[in-house]
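# Topology and contacts: notes
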Amino acid sequence: MSVSVPAGRLRGAWKGIREGAARVDAATPAERDRAVDALRAFAILGVVLGHRLVTALVADGDGVGLHTASPLRHMPWLAPISWIFQTLAVFFLVGGHVATRGYASARARGTTYGQWLRSRLSRLFRPVAAVLTLWTVASVLLLVSGTDTATIHTLLKLALSPLWFLLVFAALTAATPLLRRLHPLWPLAVVLHVDLLRFGFGAPDWLGWVNVAAGWLVPYTLGAAWTRGELERRRAGWILLAGGAVSTAALVAWAGYPASMVGVPGAGISNLNPPTLAAVTFGLAQCGSALLLRKPLRRAMRRPLAWAGVAVVNLSAMTIFLWHQTALMATTAMLLPTGHLPGLHTVPDHLGWVAARLAWLPVFAPALAVCWAAFRDYEQGGRSGRGRGRSRIVRAHRPSDRAAATGVRRA
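Residues numbered from 1 in each chain as written. Predicted model: local features only at pLDDT ≥ 70, side-chain atom pairs only at ≥ 80, totals over all residues. Heavy atoms only, no water.

## Observations regarding the nonpolar core
Core analysis: the largest hydrophobic core is formed by 87 residues, its most contacted members being F92, F165, L166, L172, W216, M318 and L322. Element by element, the count of residues in this core is highest for helix 5 (residues 88–109), at 11 residues. With sequence-adjacent residues up to four places away left out, L172 is seen in contact with F92, L179, W216, L217 and Y220. Formed by 12 residues, the second largest nonpolar core is a distinct cluster that contains V58, V262, V264 and W353. (Core = buried A, V, L, I, M, F, W, Y, C linked by side-chain atoms within 4.5 Å. Buried < 20%, exposed > 50% of the residue type's maximum accessible area, 1.4 Å probe, protein only. Helix = DSSP H or I, 4+ residues; strand = E, 2+ residues; numbered from the N terminus. Contact = heavy atoms within 4.5 Å.)

Put into structure tokens, the structure is as follows:
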């Protein structure tokens with residue numbers, strides 16, 4: 001059989017992809033700061049890949065139930081993986097930048113605070129209804145089928161855990177008019193004092209939950225400083241990167257903070273739940289890196305294919321974020337009847353598990369693609385066709401400078 005037909009189809013498909021990317025590139029306003037979208041996309045994908053690598057669903061001895069485990073508990077020397085993929089600080093940095101710039105732009109257009117907030121929160125929470133509906137139905141079906149309640153609890157906890165992030169982000173978004181002038185040192189000082197009271201003076205653990213707001217306020221208000229034009233010099237990025245990295249290393253080496261920047265089951269202290277000073281200083285280093293990457297990213301995003309990929313991720317950012325754990329669990333559960341597969345159902349306690357897990361990563365992608373195809377319309381308000389494709393890719397936002405803070409451009 002001749003291979004010319006498949007090869008021709010492949011060339012045709014590639015040509016179609018390039019033409020589609022070129023159309024997206026041409027439809028994007030020249031003044032849009034594409035580095036902002038690239039940073040947001042990398043932050044979302046970092047969280048997704050991180051969960052794929054450090055979250056394991058282990059089959060119980062009876063082969064029916066599931067419980068969570070982490071390779072970081074059995075192999076703590078793998079902690080640097082969390083340094084790469086725990087990217088929430090970058091998301092809050094970008095979120096603070098976009099929200100403060102968007103609010104200034106809305107005020108300049110005469111949009112009220114209520115109208116602006118409803119618009120932002122509707123885009124944020126629209127996909128949540130689908131997640132809650134599906135898992136409510138799934139939980140009832142699992143209970144009726146006799147599934148162990150501990151397994152149901154494990155699945156629900158993983159599926160709904162992304163919602164804490166949305167609640168914190170929504171609260172900070174609602175407070176944007178009050179936060180747009182707040183200096184990041186103020187919430188950083190709160191985190192420092194909370195940790196000092198908890199770990200130095202034996203204050204109750206519940207006090208740490210103050211850092212859920214204060215900890216993520218630090219990168220969010222850094223985003224506001226970016227909007228004000230205070231972080232344009234590369235020196236600001238280097239100061240944040242170096243200062244955050246040195247502070248984090250000192251806290252881990254001499255103050256007893258965990259090296260992992262994500263929660264580890266069974267660990268006495270979690271850097272993320274609630275955020276600790278080490279997590280916040282680590283976030284400062286990440287924000288510094290993000291600021292330093294702005295110019296290289298702007299150059300890279302001039303390539304139509306690269307920009308189209310980033311634009312697609314941004315169009316479905318919340319769908320990907322909310323459904324990636326469900327896709328992981330669906331893949332794990334569907335293959336459970338085949339036996340305890342290495343890297344999927346087995347205890348993550350050796351390097352063989354890591355190698356097997358890496359091999360499973362391409363298998364998780366189709367499950368997430370199915371979720372994306374099924375639920376992306378909820379994020380985009382039910383728009384379809386050409387209207388959906390242009391909805392948010394082509395909205396302009398300028399590279400950050402002092403003029404942007406005046407809100408003369410649409411955010």
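What follows continues from the structure just given.
## A short note on the packing of helix 7 (residues 128–144) against helix 17 (residues 317–334)
Running from N to C, helix 7 and helix 17 point in directions that differ by 30°, and their axes come no closer than 10 Å. In this view, helix 7 runs roughly parallel relative to helix 17, as classed from their interaxial angle. Considering only the axes of helix 7 and helix 17, their crossing is left-handed. Contacts between helix 7 and helix 17 involve V128, A130, V131, L134 and W135 from the first element and L322, W323, T326 and M329 from the second. Its residues assigned to classes, the contact of helix 7 with helix 17 comprises 8 nonpolar, 1 polar and no charged. (Axes fitted to C-alpha atoms, helices over the stretch in contact; angles between N-to-C directions. Parallel < 35°, antiparallel > 145°, perpendicular 65-115°, else oblique. Left-handed = near helix turned anticlockwise from the far one by under 90°. Nonpolar A, V, L, I, M, F, W, Y, C, P; charged D, E, K, R; others polar.)

## Notes on the packing of aromatic side chains
Within this structure, the stated rule accounts for 15 aromatic pairs. Relative to W116, the ring of Y103 has its centre 5.2 Å away and its plane inclined at 70°; by these criteria the two rings are edge-to-face. In this pair, Y103 sits in helix 5 while W116 sits in helix 6 (residues 113–125), placing the two residues 13 residues apart along the sequence. By the burial criterion, Y103 is buried, and W116 matches it. A ring pair is formed by Y113 and W116, whose centres lie 6.2 Å apart and whose planes are at 35°; its orientation type is tilted. Residue Y113 and its partner W116 are both found in helix 6; the two are separated by 3 residues, about one turn of the helix. Here a set of aromatic residues connected by ring pairs shows up, and it is made of F91, F92, W164, F165, F169, W216, Y220 and F321. Its end group placed over the ring of W372, R376 keeps NZ or CZ at 4.4 Å from the ring centre. (Phe/Tyr/Trp six-rings, centres within 6.5 Å; stacked < 30°, edge-to-face > 60°. Lys NZ or Arg CZ within 6 Å of the ring centre and 35° of its normal.)

## What about the layout of surface pockets?
Here the largest pocket is characterised by a volume of approximately 1200 Å³. Contributing to the lining of the largest pocket are 44 residues, with V262, G263, S270, L272 and N273 lying nearest its centre. Going through the elements one at a time, helix 2 (34–54), strand 2 (66–69), helix 4 (80–85), helix 8 (149–160), helix 9 (162–174), helix 11 (185–201), helix 12 (210–227) and helix 17 are the ones with two or more residues in the lining of the largest pocket. The greatest single-element share of the lining of the largest pocket, amounting to 5 residues, is contributed by helix 2. Here the residues of the lining of the largest pocket are counted per class, giving 23 nonpolar, 18 polar and 3 charged. (1 Å grid on protein atoms, 1.4 Å probe; cavity = no way out; pocket = protein on both sides within 12 Å on 5 of 7 lines; lining within 4 Å. Points joined across faces, edges and corners; volume = space filled by probe spheres on them.)

## A look at the pattern of salt bridges
The tally for this structure, following the rule as stated, stands at 6 salt bridges. For R40, the salt bridge is made with D37, and the minimal N-O distance between the two is 3.4 Å. On the criterion of helical spacing, the pair formed by R40 and D37 is a turn pair, its members being 3 residues apart in helix 2. On the accessibility criterion, D37 (2% relative accessible area) is buried. Through salt bridges that share partners, R32, D37 and R40 make up one connected network. (Salt bridge = Lys/Arg side-chain N within 4 Å of Asp/Glu carboxyl O.)

## A word on the confidence of the model for the protein
Looking at the protein as a whole, the pLDDT averages 88, with 90% of positions reaching at least 70. Element-level mean pLDDT values for the protein span from 44 in helix 19 (residues 385–390) up to 98 in helix 14 (residues 277–292). Across residues 1–5, confidence stays below pLDDT 50; counting only partners more than four residues off in sequence or on other chains, it has 0 contacts. Note that residues 384–391 has pLDDT below 50 and, in this model, 9 contacts with residues that lie over four places away or in other chains. (pLDDT = per-residue confidence, 0-100.)

## Some thoughts on a nonpolar patch on the surface
On the surface, a cluster of nonpolar side chains totalling about 290 Å² of accessible area is made up of W14, I17 and L305. Classification of I17 by relative accessible area gives partly exposed; the value is 48%. (Patch = residues over 30% accessible without salt bridge, like charges linked within 9 Å, V, L, I, M, F, W, Y side chains within 5 Å. Areas by Shrake-Rupley, 256 points an atom, 1.4 Å probe, with all protein chains shown as cover.)

## Thoughts on the environment of G114
Along the chain, G114 turns up in helix 6. For G114, a relative accessible area of 25% puts it in the partly exposed group.

## Notes on helix 5
Spanning 22 residues, helix 5 covers 31 Å between terminal C-alpha atoms, matching the ideal 32 Å at 1.5 Å per step. With 19 of 22 residues buried, helix 5 lies mostly within the body of the structure. Remark: G110 follows helix 5 within two positions and exhibits a positive phi of approximately 90°. (Expected span 1.5 Å × (residues − 1).)

## Describing the packing of helix 5 against helix 14
Packed helices, taken two at a time, are described by the angle between their axes plus the distance between the axes. Taken N-terminus to C-terminus, the directions of helix 5 and helix 14 make an angle of 60°; their axes are 8 Å apart at the nearest point. Taken together, the axis directions place helix 5 and helix 14 in an arrangement best described as oblique. Remark: the crossing between helix 5 and helix 14 carries right-handed chirality. Where helix 5 approaches helix 14, its residues A89, V90 and L93 are matched on the opposing element by G283, Q286, C287 and A290. Its residues assigned to classes, the contact of helix 5 with helix 14 comprises 5 nonpolar, 2 polar and no charged.

## Comments concerning the environment of G339
As for its placement among the helices and strands, G339 is situated in the loop between helix 17 and helix 18 (351–379). Note on G339: relative accessible area 24%, which makes it partly exposed. In the structure, G339 is positioned 280 residues away from A59 in sequence and 9.2 Å away in space, judged by C-alpha atoms.

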